[in-house]
Amino acid sequence: MVTAAGYEGGMTKPMSLDEFTRLPPALTMDCVDGLAGGIDQVAAHAAPTHRFLRYGWYDAALQAYGGAARTLTVAREGETVAALPFITKGPARLGMAEVPGCYWPFRSFPVREDADIEAGKTLLDRLRREVRVLRIGPVYDGDPGLELLKEAAKARGWAAIDRFVADSYALDMAALRAEGTWPRNSTLKKNRFHEKHLGEHGALDWGFVSGATWDEAAFAALGAVEEKSWIAARTDGSDAKFTGAGHGAFWRRAAADPVLADMMWAAMLRVDGEPTAFSFDLNAGSLKYAIANSYDPRVGKHSPGKLLYYRNLLQAIEDGITNVDWGAGDSGYKRVIGAAKGPAIRDWLFVRPGIPALAAKMLRSIWRRSGHRQTPGTATQPAED
């Protein structure tokens, strides 16, 4: 017989060899200052849709937006199964923290596909020594990291408070093509009409950027389009993805990771050599995250953006992409393409046990009131015909 101290309530009890070999593998926890090298190990075994949540992704966020990170990692038999980077938010005395990252496509943390609730419990048990409140999001319903923490929070007595941000929109190209309804012949005919008249403004050059072809000239071309677009004319420009006043520093830094650079994808239209429209995505397995698109309104009546993203999607099909996540907002043109409402996007607070009931109740009320009751009415790109 094999005996094991601590088995069943701390008592030493005779155990058969079969029982011993069926014990769950031990989990180990580590907490380090900065970003842990194990992040990439987890991301490589995460769901394909989440494999961009790499060391380079969080490093780009810290470099672009600031913050000093710490990382919790959970390992099982020497293999890291979850990695949770976090930075403090607000006054230190409040004990609040959040997962760093860019808001596109979402802000979460990587977990292996085979991670279970015990990994989540282990994270929370250590996290309660570090923070009072942890923010995750905005993130999609069903996100693996989110679901792991929600399940563990219920078991460990943490409160999970959500606020609605927006509905997402998704395009299932494989299903629509199987039905023979996408793209419609009428759409392609209209596109050919617009392309003919767009060509009257100069020679059309359609191209793509990804992987090793990301350089400063490529990012500058995207930024040049944004500086001529609706986002510069109608907003303060802080939401632009590739300008100095926007989020250009983040994406340039992210491209330094070759794995992320291979996922980053841009379709570009130049008219007589001048950047005129772009569509920027993140390709994750068979899923394409549509991050941003813009065009020069000088030729807007010829629908350059529409022409470009149809070419982009047809190229995506050839590359094995079957679904497109269009994110939130501006649902009009997305529905025209064929997108349908997808998972809701929410912001989450995880509040550790021991917070005074009144404070927790106030926090819940304030957090939920700060959300949206419907898709937010943010600035939207003018629709094209």
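Here, the structure is the one placed above.
### With respect to empty space enclosed by the protein
Turning to step 1, where the next piece is worked out: A complete count under the given rule lists 2 cavities of 30 Å³ or more for this structure.
Turning to step 2, where the next piece is worked out: Approximately 40 Å³ is the volume attributed to the largest cavity.
Turning to step 3, where the next piece is worked out: Ser279, Asp281, Lys288, Ala290, Tyr309, Asn312, Leu313, Val324 and Trp326 are the residues that line the largest cavity.
Turning to step 4, where the next piece is worked out: For the lining of the largest cavity, the secondary-structure elements that each account for two or more residues are strand S11 (274-284), strand S12 (287-295), helix H12 (304-318) and strand S13 (323-328).
Turning to step 5, where the next piece is worked out: It is H12 that provides the largest number of residues to the lining of the largest cavity, a total of 3 residues.
Turning to step 6, where the next piece is worked out: Residues of the lining of the largest cavity, tallied by class, amount to 5 nonpolar, 2 polar and 2 charged.
Turning to step 7, where the next piece is worked out: The space that makes up the second largest cavity amounts to roughly 30 Å³.
Turning to step 8, where the next piece is worked out: Taken together, Ala46, Ala47, His50, Phe109, Pro110, Val111, Pro144 and Gly145 make up the full set of residues lining the second largest cavity.
Turning to step 9, where the next piece is worked out: Considering only residue class, the lining of the second largest cavity consists of 6 nonpolar, 2 polar and no charged.

### A word on the environment of Tyr169
Turning to step 1, where the next piece is worked out: Relative to the elements of secondary structure, Tyr169 occurs in strand S8 (residues 159-172).
Turning to step 2, where the next piece is worked out: C-alpha separation for the pair Tyr169 and Ala340, spaced 171 residues apart in sequence, amounts to 5.4 Å.
Turning to step 3, where the next piece is worked out: Here the side chain of Tyr169 touches Arg335 through a polar contact of 3.5 Å, side chain to side chain.

So, how was this worked out
Residues numbered from 1 in each chain as written. Predicted model: local features only at pLDDT ≥ 70, side-chain atom pairs only at ≥ 80, totals over all residues. Heavy atoms only, no water. 1 Å grid on protein atoms, 1.4 Å probe; cavity = no way out; pocket = protein on both sides within 12 Å on 5 of 7 lines; lining within 4 Å. Points joined across faces, edges and corners; volume = space filled by probe spheres on them. Helix = DSSP H or I, 4+ residues; strand = E, 2+ residues; numbered from the N terminus. Nonpolar A, V, L, I, M, F, W, Y, C, P; charged D, E, K, R; others polar. Polar contact = N/O pair within 3.5 Å; in protein donor to acceptor, adjacent residues only side chain to side chain.

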